[in-house]
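# Coordinates in review
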Amino acid sequence: METLYIERDIAEHARVRGIVERFPRARQIECERYGEVFNRRAQNFRIQKQDPALILAQKFDNFVLPAPAGYGIGGHNNYYFSHMLNCLYDCRYCFLQGMYQSAHYLLFVNYEKFMDEIREVMLRHEGEQVYFFSGYDCDSLALESVTGFAGAFLPFFEEHPRAWLELRTKSVRTKELLARPPIDNCVVAYSLTPDEVAKAVEHEAPPVASRISAMGKVARAGWKVGLRLDPLIYRDDFQAVYGRLIEDIFREVEPSAIHSVSFGPMRFPQSMYDGIVKLYPKERLFAGSLEKRKSMVSYSSEVEDAMMTFCRETLRRYVPDSVFFACLPEVT
């Protein structure tokens, strides 16, 4: 990390000092509030993505938010929280690049405030299980060596067994998970696409084989693992490449270790799609096979149904229908 932006009021925060010590040669720039940098107009996302800075800030509100409709793994009470905005990886289909003007990493270091609000949410659901998703606006584990996120939050969730934590990741980092006993209310969820797809559109992400290997190690250590095949991305050889992917996964991971499987086709709100295409006008992923359906840009309903049906039927060879969850942003 070559540049650190640090909010003045948290310059002496313990997590900030630890990160500064980790990057002793980084240029340090003080700011009043992170919005001066992150929300600045006329930023070039593509240029920033080549060498993003890290912004260290504190959050004051909206620590925990209701999860979008269709986002869940079987619970009725679904929320998400984002200790970080933006991702280490550069996946062409990622909605973050159509949402934020900046590609810099924004880390909120006041983890304890997130924990306080998680407790408050649990009080509103007395006696019920509540699901908290941590990988909505970032990758949960990719920058763990810098953020210490899992190291801080796993002990917290261990103390609150009614609260479920999903760590969603493309990372192969397993150190923090393998260094401690697993907890029953955590799902380590791995996002996977076929190798042919990943090489084309998941830039900077670890190879698919390495992700599957990491998933196997975590599962053998006793952690519940999740399989996330979303977004499903269409190719002429869709059945062949997704069939191989699923075979490769279950060659490494025992089916009994799978807590949940979610899959859903690639869909974008129109405005988000327009923003991403503006960034990458020559990207083949967005050419030809997508169409506008009401407020969304997606594949045709026939293509979506074919992909979903194939994945469901193939996965049934290994795991029961009870662990399947569709990830389908509503077409309105």
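As a reminder, the structure under discussion sits directly above these lines.
Residues numbered from 1 in each chain as written. Predicted model: local features only at pLDDT ≥ 70, side-chain atom pairs only at ≥ 80, totals over all residues. Heavy atoms only, no water.

This part takes up the sheet that holds strand β17 (residues 296–298). The 3 strands are arranged β15-β17-β16 in an open sheet whose pairing can be described as antiparallel. Where the open sheet ends on each side, the last strands, each with one partner, are β15 (267–269) and β16 (291–293). Sheet twist, expressed as the mean angle between neighbouring strand axes with direction ignored, is 30°. Two elements, β16 and β17, share 3 bridges in a ladder whose sense is antiparallel. Paired with Glu291 across the two strands is Ser298, which belongs to β17. (Pairing = 2+ DSSP bridges. Helix = DSSP H or I, 4+ residues; strand = E, 2+ residues; numbered from the N terminus. Axes fitted to C-alpha atoms, helices over the stretch in contact; angles between N-to-C directions.)

Taken as a whole, the largest pocket spans an internal volume of roughly 900 Å³. Mapped onto the lining of the largest pocket, the elements with two or more residues apiece are β7 (90–91), α4 (96–99), β10 (163–169), β13 (224–232), β14 (258–265) and β15. Among the elements that line the lining of the largest pocket, the one with the most residues is β15, at 3 residues. Split into classes, the residues belonging to the lining of the largest pocket amount to 23 nonpolar, 5 polar and 7 charged. In this structure, the second largest pocket spans a volume of roughly 360 Å³. (1 Å grid on protein atoms, 1.4 Å probe; cavity = no way out; pocket = protein on both sides within 12 Å on 5 of 7 lines; lining within 4 Å. Points joined across faces, edges and corners; volume = space filled by probe spheres on them. Nonpolar A, V, L, I, M, F, W, Y, C, P; charged D, E, K, R; others polar.)

So, on to the nonpolar core. In this structure, Phe81, Phe132, Phe157, Leu192 and Leu315 are the most contacted members of the largest nonpolar core, which totals 113 residues. Ranked by the residues each element gives to this core, the list is headed by helix α11 (residues 238–252), at 7 residues. Ignoring sequence-local partners within four residues, the contact set of Leu315 consists of Leu227, Leu229, Ile246, Phe250, Val261, Phe263 and Phe324. Counting residues in each nonpolar core, the second largest holds 9 residues, with Tyr71, Ile73, Tyr80 and Trp164 among its members. (Core = buried A, V, L, I, M, F, W, Y, C linked by side-chain atoms within 4.5 Å. Buried < 20%, exposed > 50% of the residue type's maximum accessible area, 1.4 Å probe, protein only. Contact = heavy atoms within 4.5 Å.)

This part is about the packing of aromatic side chains. The geometry of an aromatic ring pair is captured by two quantities: the separation of the ring centres and the angle between the planes. Applying the stated criterion across every chain yields a total of 23 aromatic pairs. Both rings, one in Tyr79 and one in Phe132, keep their centres 6.0 Å apart while their planes meet at 25°; by these two values the pair is stacked. Placement of Tyr79 in strand β5 (residues 78–80) and of Phe132 in strand β9 (residues 130–133) is noted, with a sequence separation of 53 residues between them. Judged by relative accessible area, which is 1%, Phe132 ranks as buried. Centroid distance Phe268 to Tyr273: 6.1 Å. Interplanar angle 45°. Geometry classified as tilted. (Phe/Tyr/Trp six-rings, centres within 6.5 Å; stacked < 30°, edge-to-face > 60°.)

Turning our eyes to something else, we now look at the packing of α11 against helix α13 (residues 301–315). Orientation of α11 relative to α13, taken along the N-to-C sense of each, is 30°, at an axis distance of 10 Å. Judged by the angle between their axes, α11 and α13 are roughly parallel. The handedness of the crossing between α11 and α13 comes out as right-handed. Where α11 abuts α13, its residues Phe238, Gln239, Tyr242, Gly243, Ile246 and Phe250 lie against Met307, Phe310, Cys311, Thr314 and Leu315. Looking at the contact of α11 with α13, its residues break down into 8 nonpolar, 3 polar and no charged. (Parallel < 35°, antiparallel > 145°, perpendicular 65-115°, else oblique. Left-handed = near helix turned anticlockwise from the far one by under 90°.)

A separate point is α11. Helix length check: α11, at 15 residues, gives a terminal C-alpha distance of 22 Å against a target of 21 Å (1.5 Å per residue), a fit within 8%. The set of residues buried in α11 consists of Phe238, Val241, Tyr242, Gly243, Leu245, Ile246, Ile249 and Phe250. (Expected span 1.5 Å × (residues − 1).)

By the burial criterion, the buried members of helix α7 (residues 149–158) are Phe149, Ala150, Phe153, Leu154, Phe156 and Phe157. For α7, the angular spread of the buried residues around the axis is 165°, confining them to a single face. Summarising the contacts, the buried residues of α7 are in contact with α5 (111–124), β9, α6 (144–147), β10, α8 (175–178) and β11 (186–191). (Arc of directions from axis to C-beta.)

Spatial strand order, β4-β5-β9-β10-β11-β13-β14-β18: 8 strands in an open sheet with mixed pairing. Each edge of the open sheet carries a strand with a single partner, namely β4 (65–66) and β18 (324–326). Relative to β13, β11 runs parallel, the two sharing 5 bridges. In the sheet register, Val187 faces β13, and the bridge partner there is Lys224. In this fold helix α10 (residues 208–220) packs onto β11, β13 and β14, with an angle of close to 165° to the strand it touches most, β11.

On inspection of all chains with the given rule, the structure shows 22 salt bridges. Its salt-bridge partner being Arg168, residue Glu166 comes within 3.0 Å of it at the nearest N-O pair. Residues Glu166 and Arg168 agree in their burial class; the two are buried. (Salt bridge = Lys/Arg side-chain N within 4 Å of Asp/Glu carboxyl O.)

What follows concerns the environment of Glu204. Within the secondary structure, Glu204 is located in the loop between β12 (202–203) and α10. According to the relative accessible area criterion, Glu204 is exposed, its value standing at 64%. Each C-alpha atom, one on Glu204 and one on Leu88, is 7.8 Å from the other, the two residues being 116 residues apart in sequence. Beyond its immediate sequence surroundings of up to four residues, Glu204 is in contact with Leu88, Tyr89 and Asp90.

Turning next to the pairing of β9. Every second residue of β9 is oriented toward a common face, with Val130 and Phe132 on one face and Tyr131 and Phe133 on the other, all of them buried. Here β5 runs beside β9; their pairing, made up of 3 bridges, is parallel. Within β9, the residue paired with Tyr80 across the bridge is Phe133. Where β9 lies against β10, 4 bridges are found, and the strand directions are parallel. Bridging across to β10, Phe133 finds its partner in Glu166.

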